[in-house]
Amino acid sequence: MFETTSKGLPVTKEMVRSAYRKVRSNQGAAGVDRESLETFRQNELNNLYKLWNRLSSGSYFPKPVRSVMIPKGDGKMRELGIPTVSDRIAQQLIKDYLEPRLEATFVDQSYGYRPLKNAHQAVNAVTENVHKYAWVLDLDIKSFFDEVDHELLMKAVDRHVPEDWVKMYIQRWLESPVLKQDGTQQAKNGRGTPQGGVISPLLANLFLHYVIDKWLVKEYPAIAFVRYADDIIIHCHTEEQAKTIMGALRGRLAECRLRLNEEKTKVVYCQNYQRKKRKDYGKKFDFLGFTFKPRSVESKYKGRFLGYDCSISQKSESRIMKSWQEKNWLGLKLSLQEIANKVNVQMKGIITYYGKFNRWKLSKLYMHFGFRLAKWALKKYKRFSGSYKKAFIWVGDLRKSYPNLFYHWKFC
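What counts, and at which threshold
- Residues numbered from 1 in each chain as written.
- Predicted model: local features only at pLDDT ≥ 70, side-chain atom pairs only at ≥ 80, totals over all residues.
- Heavy atoms only, no water.
- Helix = DSSP H or I, 4+ residues; strand = E, 2+ residues; numbered from the N terminus.
- Core = buried A, V, L, I, M, F, W, Y, C linked by side-chain atoms within 4.5 Å.
- Buried < 20%, exposed > 50% of the residue type's maximum accessible area, 1.4 Å probe, protein only.
- Contact = heavy atoms within 4.5 Å.
- Pairing = 2+ DSSP bridges.
- Axes fitted to C-alpha atoms, helices over the stretch in contact; angles between N-to-C directions.
- Phe/Tyr/Trp six-rings, centres within 6.5 Å; stacked < 30°, edge-to-face > 60°.
- Lys NZ or Arg CZ within 6 Å of the ring centre and 35° of its normal.
- Expected span 1.5 Å × (residues − 1).
- Arc of directions from axis to C-beta.

Quick look at unusual backbone geometry now. Of note, Tyr-113 is a non-glycine position whose phi angle comes to about 55 degrees, a positive value. Inspection of the secondary structure assignment puts Tyr-113 in the loop between α4 (85-103) and α5 (119-132). Located in the positive-phi region is Asn-358, a residue other than glycine, with phi close to 55 degrees. Its place among the elements puts Asn-358 in the loop between α12 (336-354) and α13 (363-380).

Here it is, written out as structure tokens:
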């Protein structure tokens, strides 16, 4: 256990330890120094002492952020910035220090990356709102994390953070360059906060609190909205109201040096049995992996009627199916139990998240996996003589004999 002596800044050894425990539990990839959490642990005490010494004396400077590209749901790629282990610990420490006071400021309509709030709560809030409001403004901010203006962000920080040492470290993180995959370094030039940084979601929430949340509450108190990070759904009573707010938002974002993504931002009409048909507007939108659209709903009081509800989106389904192909979990050298061990971890996560609303809509995924398992059996076992029908019957018999082999079979 490392000891401390008096330093210039109020960073204690327990603050460093607490931040380290959280970073360690969250895991994560190595940064530009290629030091993994496991490597960091091999010299844990010295590494933590060195970090505390630098943080508490003001001599801490972050290393460049390592850039990695990950696929998005639309087939495009998204850039993530991976800080080093030491930088993640430092960011976690400042996040823990600031979060309680900022939480007292944030509005209830903000759900993303906040204590005691989650994506299911946000989806549930949208579900409740579409029953009360006929119109939705599905808002998309163009390249938000790449275009956050540092000057305006630091103005927001100044309103809540009097400590100069905290602002100093936030400024250093904002200015830290990005190391691209080709080995070149890219300067921030006063804009952007990398997705992947521990403190980035908190800073993004603070920025959007003033850009969007507080502005909407003040200027349009009659409407409802739900925000999860930079995913924003605004609920309006009328078509005219939705168009008016969209125009006003363009101006508001321009003032804050941001832009609407005009291709993805849209007005949606939430048609149900109580609302007249409209052919001039789309009737569905996606939010946090779910698609909201008119659906047939059954009630013991009303019978079957047209409602407006959500279930897993087609994009989410396609992404999951593609991941099964890319990971090759149905390799011919694997046994059934080995396949189940690999698939069940992901399938449990899928059902826990997407099964929260209209779980029966996951049947398409279950069926797709069943087809893939039958194809695997057809290639692995000669006794099926190339008959896909025999292989598919075998899968059905396997499910009856071993109902707990695959996690999702209990829900089929």
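Let us look at the nonpolar core. Counting residues in each nonpolar core, the largest one holds 70 residues, and the members touching the most others are Ile-89, Ile-94, Phe-144, Ile-170, Ile-212 and Ile-234. Considering every element that reaches this core, the biggest residue donor is helix α9 (residues 200-219), with 11 residues. Not counting residues within four places of it along the chain, the set of residues in contact with Ile-170 comprises Ile-94, Leu-98, Met-154, Val-157, Ile-199 and Leu-203. Residues Ala-122, Leu-288, Trp-324 and Leu-373 belong to the second largest nonpolar core, which totals 53 residues.

If you walk across this open sheet you meet the four strands as β6-β7-β3-β8, and the pairing is antiparallel. The two strands at the open ends of the sheet, each matched to only one other strand, are β6 (224-228) and β8 (266-269). Between one strand axis and the next, the sheet turns by 20 degrees as a mean value, whatever way the strands run. Relative to strand β7 (residues 231-236), strand β3 (residues 135-140) is paired through six bridges, and the arrangement is antiparallel. Looking at β7, one finds that Val-136 is bridged to His-235. Contacting β3, β6 and β7, α5 crosses the sheet at an angle of about 160 degrees to β6. The strands touched by α9 are β3, β6 and β7; relative to β6, the strand with the most contacts, the crossing angle is about 175 degrees.

Next up on the list: the packing of aromatic side chains. With the rule as written, the count across this model stands at 31 aromatic pairs. Centroid distance Tyr-60 to Tyr-169: 5.4 Å. Interplanar angle 75 degrees. Geometry classified as edge-to-face. Of the two residues, Tyr-60 sits in the loop between α3 (44-57) and β1 (65-71) while Tyr-169 sits in helix α8 (residues 164-175), which places them 109 residues apart along the sequence. Note on accessibility: Tyr-60 and Tyr-169 belong to one class, buried. Summarising the aromatic geometry, the rings of Phe-144 and Phe-207 are spaced 6.3 Å apart at their centres and angled 40 degrees between planes, so their arrangement reads as tilted. Of this pair, Phe-144 sits in helix α6 (residues 144-147) while Phe-207 is found in helix α9, placing the two residues 63 residues apart along the sequence. Neither Phe-144 nor Phe-207 differs from the other in exposure class; each is buried. Over the ring of Tyr-111 we find Lys-117; its NZ or CZ atom is 4.4 Å from the centre of that ring. The ring centre of Tyr-381 lies 4.7 Å from the NZ or CZ of Arg-383, which sits over that ring.

Under the 1.5 Å per step criterion, the end-to-end length of helix α14 (residues 388-401) is 20 Å for 14 residues, consistent within 8% with the ideal 20 Å. Turning to α14, its buried residues are Ala-391, Trp-394, Val-395 and Leu-398. All buried residues of α14 project into a common sector of 100 degrees when viewed along the axis, lining one side. Projecting away from the buried face of α14 at angles above 90 degrees are the exposed residues Lys-389 and Lys-400. Looking at the buried residues of α14, the elements they touch are α12 and α13.

Now for the sheet that holds strand β5 (residues 185-186). If you walk across this open sheet you meet the four strands as β2-β1-β4-β5, and the pairing is mixed. The sheet is open, and its two edges are formed by β2 (77-82) and β5, each paired on a single side. As paired strands, β1 and strand β4 (residues 178-179) are joined by two bridges and run parallel to one another. Within β4, the position partnered with Val-65 by the bridge is Val-178.

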